[in-house]
Amino acid sequence: MSLTQDLQNLGTALASQLPPDVLGVLGRAAEQLAAAAPTKGSVAAGAAAPDFELPDADGKTVRLSDLLRRGPVVLSFYRGAWCPFCNLELAALQKALPAIHGLGASLVAVSPQVPDATRNTVAKHELTFPVLSDRGNRTARQYGLVFTLTEEVRPVYAALGVDLPASNGDDSHELPVAATYVIAPDGIVAHAFVDVDYTKRLDPDAVLGILQRLHETA
């Protein structure tokens with residue numbers, strides 16, 4: 001089963017479990033986010049990918065420019081370990097990792113979580129690719145992906161057990177829009193998947209197809 005189908009199944013299951021008032025708040029928040037178009041100026045295909053250096057789960061600094069010297073980079077921005085859709089995506093990327101490496105590419109995932117939360121994510125899902133902590137969403141902001149949760153939705157998240165201030169180490173309630181970039185070795189974005197609907201992600205099969213085309217034209 002594809003990641004896309006898994007995400008659809010998860011969305012259906014959650015919709016059947018959540019109370020109508022909660023679904024209403026989440027629906028309004030999604031509509032407001034779409035109307036605000038926070039990613040209107042986000043990094044797009046054909047643009048230069050902003051370089052960054054961020055700590056991984058072990059505190060080691062990872063630089064995009066260093067990874068690009070080895071080949072293409074798949075860069076995934078996710079919201080946090082509290083997001084079940086993100087967890088499905090991370091697991092799917094882990095399964096695709098051997099194929100990604102086989103095409104000469106690297107994979108990194110980025111979230112605003114504090115390092116402790118990042119370490120927990122890596123351990124829980126047995127991830128073997130770098131998972132980076134973007135405190136304050138500085139890198140996500142460079143890519144034009146940051147938005148702020150509405151006042152209405154914050155208590156709903158809290159009631160569902162999502163403690164964003166603890167997870168991210170600040171009270172901003174800022175998150176990145178989930179996004180996946182495939183970056184060519186020259187630093188130019190070959191493909192950009194950016195969608196304010198957090199239930200939608202770029203399927204690993206599509207990622208592999210893009211990497212295959214890069215490999216063939218290298």
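Refer to the structure presented above.
The model shown is predicted, which means the values in this text are computed figures rather than measured ones.

1. Observations regarding the packing of helix H4 (residues 84–102) against helix H9 (residues 204–217)
In the contact formed by H4 and H9, the axes pass within 10 Å of each other and the chain directions differ by 20 degrees. Judged on the interaxial angle alone, H9 and H4 are roughly parallel. Here H4 runs over H9; the crossing is right-handed. For the pair H4 and H9, contact is made by Ala92, Leu93, Ala96, Ala99 and Ile100 and by Pro204, Leu208 and Leu211, respectively.

2. Structural notes on the pattern of salt bridges
Evaluation of the coordinates by the stated rule reveals nine salt bridges. Here Arg63 makes a salt bridge to Asp66, at a shortest N to O gap of 3.8 Å. Assessed through its relative accessible area of 34%, Arg63 is described here as partly exposed. Across the pair Arg201 and Glu89 runs a salt bridge whose closest N-O atoms are separated by 2.8 Å. With a gap of 112 residues between them, Arg201 in the loop between strand S9 (189–194) and H9 and Glu89 in helix H4 connect regions that are remote in the sequence. When sorted by exposure, Arg201 lands in the same class as Glu89, which is buried. Residues joined in a network through salt bridges with shared partners are Glu53, Arg63, Asp66 and Arg69.

3. Considerations on the pairing of strand S4 (residues 106–111)
Across the six residues that make up S4, a large majority, six, are buried. Side chains of S4 alternate between two faces, with Ser106, Val108 and Val110 and Leu107, Ala109 and Ser111 buried alike. Examined bridge by bridge, strand S3 (residues 73–77) and S4 share five bridges and lie parallel to one another. The partner of Phe77 across the bridge, within S4, is Val110. For the crossover that starts at S3, traverses H4 and ends in the parallel S4, the hand is right-handed. Here S4 pairs with strand S5 (residues 131–133) via three bridges, running parallel. Counted as the bridge partner of Ser111 is Ser133 from S5. The parallel pair S4 and S5, bridged by helix H5 (residues 115–125), forms a crossover whose chirality is right-handed.

4. Quick word on the nonpolar core
Membership of the largest hydrophobic core comes to 46 residues, with the highest contact counts inside it found for Phe129 and Leu211. For this core, the secondary structure elements donating two or more residues are helix H1 (3–17), helix H2 (20–36), H4, S4, helix H7 (154–159) and H9. Looking at this core, the element that brings in the most residues is H4, giving eight residues. Leaving out residues up to four positions away in the same chain, Leu211 has contacts with Pro72, Val74, Ile100, Leu103, Ala105 and Val182. Counting residues in each nonpolar core, the second largest holds 22 residues, with Val43, Ala49, Tyr181 and Val189 among its members.

5. Thoughts on H9
End to end, H9 covers 20 Å across 14 residues, agreeing with the expected 20 Å (1.5 Å per residue, within 8%). Close packing links the buried residues of H9 with H1, S3, H4, strand S8 (179–183) and S9. Among the residues of H9, the N-terminal cap falls to Asp203, whose side-chain oxygen and the backbone nitrogen of Asp205 are separated by 3.1 Å.

6. Some details on the side chain of Asp56
Within the element layout of this structure, Asp56 appears in the loop between strand S1 (53–55) and strand S2 (61–63). Buried and unpaired, Asp56 has Lys60 as its nearest opposite-charge partner, separated by 5.8 Å. In terms of polar contacts, Asp56 uses its side chain to reach the backbone amide nitrogen of Asp58, at 2.9 Å. Setting aside residues up to four positions removed in sequence, Asp56 forms contacts with Val62, Val131 and Leu132.

The rules behind the values
- Residues numbered from 1 in each chain as written.
- Predicted model: local features only at pLDDT ≥ 70, side-chain atom pairs only at ≥ 80, totals over all residues.
- Heavy atoms only, no water.
- Axes fitted to C-alpha atoms, helices over the stretch in contact; angles between N-to-C directions.
- Helix = DSSP H or I, 4+ residues; strand = E, 2+ residues; numbered from the N terminus.
- Parallel < 35°, antiparallel > 145°, perpendicular 65-115°, else oblique.
- Left-handed = near helix turned anticlockwise from the far one by under 90°.
- Contact = heavy atoms within 4.5 Å.
- Salt bridge = Lys/Arg side-chain N within 4 Å of Asp/Glu carboxyl O.
- Buried < 20%, exposed > 50% of the residue type's maximum accessible area, 1.4 Å probe, protein only.
- Pairing = 2+ DSSP bridges.
- Right-handed = clockwise from strand over helix to strand, strands pointing away.
- Core = buried A, V, L, I, M, F, W, Y, C linked by side-chain atoms within 4.5 Å.
- Expected span 1.5 Å × (residues − 1).
- Polar contact = N/O pair within 3.5 Å; in protein donor to acceptor, adjacent residues only side chain to side chain.
- Lys, Arg positive; Asp, Glu negative; His and termini not counted.

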